[in-house]
Amino acid sequence: MNAIVWPKGFVPGFTDNYCSNEVIVAGLTAAEIWPLLVTPSLWPTYYKNSANARFYDNKGPVLAQDDRFYFETFGFPVESRVTEYVAPSAGEAGRVAWHGWAGEEGADDRLDVLHAWLVEDLSDNRVRILTQETQNGNPAKELAKAQPNPMINGHQEWLDGLVAAARAKKA
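These figures come from a predicted structure and were not determined experimentally.

Moving on, we come to the pairing of strand β7 (residues 126–136). Burial analysis of β7 places 10 of its 11 residues in the buried class, which makes it a mostly covered element. The pairing of strand β6 (residues 111–122) with β7 spans 11 bridges and is classified as antiparallel. Of the residues in β7, the one forming a bridge with V113 is Q135. Hairpin remark: β6 followed by β7, antiparallel, with three residues in the connecting loop; positive phi at D124, about 60°.

This is the structure in structure tokens:
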């Protein structure tokens, strides 16, 4: 199975917070998951913790390499830029990642994240969806201490909603 590719400054174990969630389900393909994942305006339809997505520079509605976009999640307004975009293809996992930030650079409340997704077809008509996020900054330090973990729980809701939406679309 494939793994997330981490840029410098966001490697797990060297950041203030890290979370990882994964599902493997039968009866869906990467091609069925991908459009729901890379279209931010669809996120609120299956993930309640996402709102007000919009693109900059006349881009969108689907994410693409280097696109700048904005959305709100976990109570944070998040400015974002796509750092990796590879659509799934035969034998190739889909990869999308974005650097997101909230707050001014150097400010105590600055949060920097790298949120990465990997979607790959497996044998026997199964698909694997992996999402991992690393975070830096004081808000990340606080999130890392929170119990229950809001990032793990929130991202699991995102995965579960994504799978449910793909199944509903297929039905």
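Turning to the pattern of salt bridges, a few remarks are in order. Inspection of every chain in the model, using the stated rule, returns eight salt bridges. The salt bridge partner of R81 is D66, with a shortest N-O separation of 3.0 Å. A residue pair is termed long-range when its members are at least 10 positions apart, and R81 in strand β4 (residues 76–86) and D66 in the loop between β2 (51–55) and β3 (68–73) qualify at 15 residues. The partly exposed category is assigned to R81, whose relative accessible area is 32%. Between K145 and E142 there is a salt bridge whose closest N-O contact spans 3.4 Å. Residue K145 and its partner E142 are located together in helix α3 (residues 138–145), separated by three residues, close to a single helical turn. Taking relative accessible area as the criterion, K145 reaches 58% and is therefore assigned exposed. Connected via shared salt-bridge partners are E22, E120 and R128.

About the thresholds
- Residues numbered from 1 in each chain as written.
- Predicted model: local features only at pLDDT ≥ 70, side-chain atom pairs only at ≥ 80, totals over all residues.
- Heavy atoms only, no water.
- Buried < 20%, exposed > 50% of the residue type's maximum accessible area, 1.4 Å probe, protein only.
- Helix = DSSP H or I, 4+ residues; strand = E, 2+ residues; numbered from the N terminus.
- Pairing = 2+ DSSP bridges.
- Salt bridge = Lys/Arg side-chain N within 4 Å of Asp/Glu carboxyl O.

Function cannot be inferred from these measures alone, as they are strictly geometric.
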